[in-house]
2 protein chains.
Amino acid sequence: MGKAGLRRKEREKLQHREEILDAALRLFSEKGFHNVSVQEIAEEAEFSVGTLYNFFASKESLFAGLMSSCAKRISEILVPILDEKTDERGKISNFIHAHKQIIESYASSIRLYLSQDVCSVLTVRPDVEPEADAVRDTIQQKLSSIFKSGVRKGVFKEMDPRAASLSLSAMLESFVFSMIKEPERMQIELGLSLIEELFFKGALKDTEA
Amino acid sequence: MGKAGLRRKEREKLQHREEILDAALRLFSEKGFHNVSVQEIAEEAEFSVGTLYNFFASKESLFAGLMSSCAKRISEILVPILDEKTDERGKISNFIHAHKQIIESYASSIRLYLSQDVCSVLTVRPDVEPEADAVRDTIQQKLSSIFKSGVRKGVFKEMDPRAASLSLSAMLESFVFSMIKEPERMQIELGLSLIEELFFKGALKDTEA
DNA sequence: ACAAGTTATGAATATTAGTTCATAATATGA
DNA sequence: TCATATTATGAACTAATATTCATAACTTGT
């Protein structure tokens, strides 16, 4: 057996694994964990149930794998931005606009990340998916500390940094989600710019404030 | 059989129904629909499973009943405010602060309303709970039209009214939820005032804007 | 106290869906 | 072509749980 042969088999195995994950992602994100059967996933992936169990120990572990890879991909986009060496206002602005990339690349991943017994910002049961929750926490903390130093420097108003992070994230998440549901509704850039304007300067006309 | 007797029985029946609903609310809001068995609900309510089925045709219809009554109670608080005869800014301000009442009175109802395979603002599957979704829609539409007329009158900036409603609701919902999760974190009034300030005037200091 | 009607009970049933495993198919290298 | 190893298959097994229903307990008016 030549080395090339072995590698092909490995590639194929990985490929099959991916196909199963993709199928599961499609179904979970559409119908939710409890409303998708292993049978269904097998059919969607064009394998038998037995084969799924060659790759994953259980339905739960399949789901866990999906969740953690999605959370990882999203954090790879957002975290570097928050760690850049720019000023606070710039970081927040970049953070806001980075969501364009997220909407464009990861629609179904996000569906998974937000859909669920577990619920977005709102995380009813933080115990269910530790990795996804950790990513959310990381981002919240980074945002908070940016707001904190921004307040100290007098860029931002006096305000609770955590409440501000939460508000911003909530605005962004709900926008992301609405774009995934109805992509035609408005241009991504326009929506994100509105959020930026709203978040930085508020809804009132200057003459009214 | 005197009339009084009949009425007592009716009262008791309603009472029993309420007790079942309460037990179900406690369990569903804590663990989610799929993770609560009918047995459990029966035990929590101190009835037998059979009795539950005398009141509700199925587990799903029990849940549906809960959802619609929660949605109804919440809309009874929020909708009148949006229908009042005050100016746009006042309505939005009242709307924001009405969430105090919601947090205080309806913690577990909201847990139910937000928890779920169905997911808050983000409603993965609008088909699952039509009534709750209808309430959300109503509120979004009322908010939108307030923003629309506010923009026309020059109170608010030029902006997409729907995006603005969505942003505001997202901020409020995530705040409500965080208060339900960690009631100690901050005072309700302070949080809501911050959201008001943020939403109306933004996060930047005036000198920076 | 009894008959008639109402409500409660929970063991039994039916169904659904996650998991296993003996078997079949396929690929590999000699 | 054959022996070996790897991977795929899906019917059968199992566990969990939603639902039913024959029976029991209780209420009420006479």
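Read on for an overview of the structure. (Residues numbered from 1 in each chain as written. Chains lettered and ligands numbered in written order. Predicted model: local features only at pLDDT ≥ 70, side-chain atom pairs only at ≥ 80, totals over all residues. Heavy atoms only, no water.)

A few words on helix α2 (residues 38-45) of chain A. All names here are of chain A. Within α2 the residues assigned to the buried category are Val38, Ile41, Ala42 and Ala45. Projected down its long axis, α2 shows its buried positions confined to an angular sector of 100 degrees, all on one face. Two residues or fewer past α2, Glu46 is found with a positive phi of approximately 60 degrees. (Buried < 20%, exposed > 50% of the residue type's maximum accessible area, 1.4 Å probe, protein only. Helix = DSSP H or I, 4+ residues; strand = E, 2+ residues; numbered from the N terminus. Arc of directions from axis to C-beta.)

Another point: the environment of Val36(A). Residues and elements named next belong to chain A. Note that Val36 resides in the loop between α1 (3-31) and α2. The class for Val36 is buried, based on a relative accessible area of 1%. Along the primary structure Val36 and Leu204 are separated by 168 residues, whereas in three dimensions their C-alpha atoms are 46 Å apart. Excluding anything up to four places from it in sequence, Val36 contacts Leu27, Phe28, Lys31, Ile41 and Lys59. (Contact = heavy atoms within 4.5 Å.)

Moving on, we get to helix α4 (residues 59-83) of chain A. Between its first and last C-alpha atoms α4(A) spans 36 Å; for 25 residues at 1.5 Å apiece the expected length is 36 Å, and the two agree. Taken as a whole, α4(A) carries its principal kink of about 35 degrees at Ser75(A). (Expected span 1.5 Å × (residues − 1). Bend = angle between axes of the 7 residues up to and from the residue.)

In terms of nonpolar packing, the biggest core is built from 79 residues, with Ile92(A), Phe156(A), Ile92(B) and Phe156(B) touching the most fellow members. Top element by residues in this core is helix α8 (residues 161-181) of chain B. It accounts for nine residues. Residue contacts for Ile92(B): discarding those within four places in its chain leaves Leu143(B), Ile146(B), Phe147(B), Phe156(B), Leu168(B), Phe199(B) and Phe200(B). Core analysis: the second largest hydrophobic core is formed by 20 residues, Ala24(A), Phe33(A), Phe55(A) and Leu62(A) among them. (Core = buried A, V, L, I, M, F, W, Y, C linked by side-chain atoms within 4.5 Å.)

Attention now moves to the pattern of salt bridges. If you walk through the whole model with that rule in mind, you get 10 salt bridges over all chains. Glu44(A) serves as the salt-bridge partner of Arg26(A), at 2.4 Å between the closest nitrogen and oxygen. You can see Arg26(A) sitting in helix α1 and its partner Glu44(A) sitting in helix α2, a full 18 residues away along the chain. When its relative accessible area of 41% is taken as the criterion, Arg26(A) is described as partly exposed. Residue Glu40(B) is joined to Lys31(B) by a salt bridge in which the shortest nitrogen-to-oxygen separation is 2.5 Å. Classification of Glu40(B) as partly exposed rests on a relative accessible area of 25%. For Lys31(B), a relative accessible area of 28% corresponds to the partly exposed category. (Salt bridge = Lys/Arg side-chain N within 4 Å of Asp/Glu carboxyl O.)

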